[in-house]
Amino acid sequence: MTTKANSPVTAGSIVVPLGHVIGNEKWRGSELAQRLQGKVRLIFEDGLGLVDFHLPNRTCILLISEADLVAGDEFKRRLVKFRNASSLRGIVIVEKTPISDQYYLGVQKLVVLELGMVLLPVANQGEASQLIIQLVREQSRDRGSNPFAGRQRARPAEPAVLQALQRIPGVGRTKALLLLQRFGSIHRLCNADSQELEQAVGQAGAQQIYTFLHS
């Protein structure tokens, strides 16, 4: 899946209802779209430009596929253009496979250190779909929660979420579970400061995680 350099940045006026995802038409018929169907309300639209998927709460997904990484630097221009022209919260999902692994450190440096965006690695489109579903469900729970109701029992972590967290240097299954237990969602984890992370995994682990997620 590749995007032309002259694609416009998506309009910031798009409003996505809770539980919905607006997908770029180019993903229609893909494995990712098929796995989203039935889990969230997926609507395809032309004209989303650089964005692959719009989520509620002004969040959008830019997905860098294995093919994008192997094809060259076009995806880098796409990310830079989005970051410079949009006020939306962008999350970059990248396919980290045996073929694309050699390009991953360069992507991490660009996305996290230079652009200051959130980077979540996945092994395939199936894992990417699970992450998107998890993000949509988190936003729906956060918006619909009753502040006067008792704390609900935490739901079991999605396998794709655990796998994505374990790709952060120094984070194994135990630390991934601790992070999800403490913060409850990917959104809260990505927005946590180093002191909050330190309370969950210690100073050394917190620094590694914060450096990975933020500039």
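Residues numbered from 1 in each chain as written. Predicted model: local features only at pLDDT ≥ 70, side-chain atom pairs only at ≥ 80, totals over all residues. Heavy atoms only, no water.

1. Overview of the side chain of His 20
No. 1: Looking at the secondary structure, you find His 20 in strand S1 (residues 20-24).
No. 2: Note on His 20: relative accessible area 19%, which makes it buried.
No. 3: Once residues within four sequence positions are removed from consideration, His 20 is found in contact with Arg 41, Ile 43, His 54, Leu 55, Pro 56 and Val 136. (Helix = DSSP H or I, 4+ residues; strand = E, 2+ residues; numbered from the N terminus. Buried < 20%, exposed > 50% of the residue type's maximum accessible area, 1.4 Å probe, protein only. Contact = heavy atoms within 4.5 Å.)

2. Here's the deal with the pairing of strand S4 (residues 59-64)
No. 1: Across the six residues of S4, six count as buried, placing the element largely inside the fold.
No. 2: The alternating pattern of S4 places Thr 59, Ile 61 and Leu 63 and Cys 60, Leu 62 and Ile 64 on opposite faces, both of which are buried.
No. 3: Here strand S3 (residues 53-55) runs beside S4; their pairing, made up of three bridges, is antiparallel. Among the inter-strand pairings, Leu 55 is bridged to a residue of S4, identified as Thr 59.
No. 4: Where S3 hands over to S4, the hairpin turn is made up of three residues, of which Asn 57 adopts a positive phi near 60°.
No. 5: By the bridge criterion, six bridges tie S4 to strand S5 (residues 89-95) in an arrangement that is parallel. What sits directly across from Thr 59, in S5, is Arg 89. (Pairing = 2+ DSSP bridges.)

3. Let's talk about the packing of helix H3 (residues 74-85) against helix H4 (residues 101-114)
No. 1: Put simply, H3 and H4 touch, their axes get as near as 11 Å, and they point 10° apart. Taken as axis vectors, H3 and H4 run roughly parallel relative to one another. Of the residues in H4, those touching H3 at Phe 75, Lys 76, Leu 79 and Val 80 are Val 107, Leu 110 and Val 111.
No. 2: In the contact of H3 with H4, the residues fall into six nonpolar, no polar and one charged. (Axes fitted to C-alpha atoms, helices over the stretch in contact; angles between N-to-C directions. Parallel < 35°, antiparallel > 145°, perpendicular 65-115°, else oblique. Nonpolar A, V, L, I, M, F, W, Y, C, P; charged D, E, K, R; others polar.)

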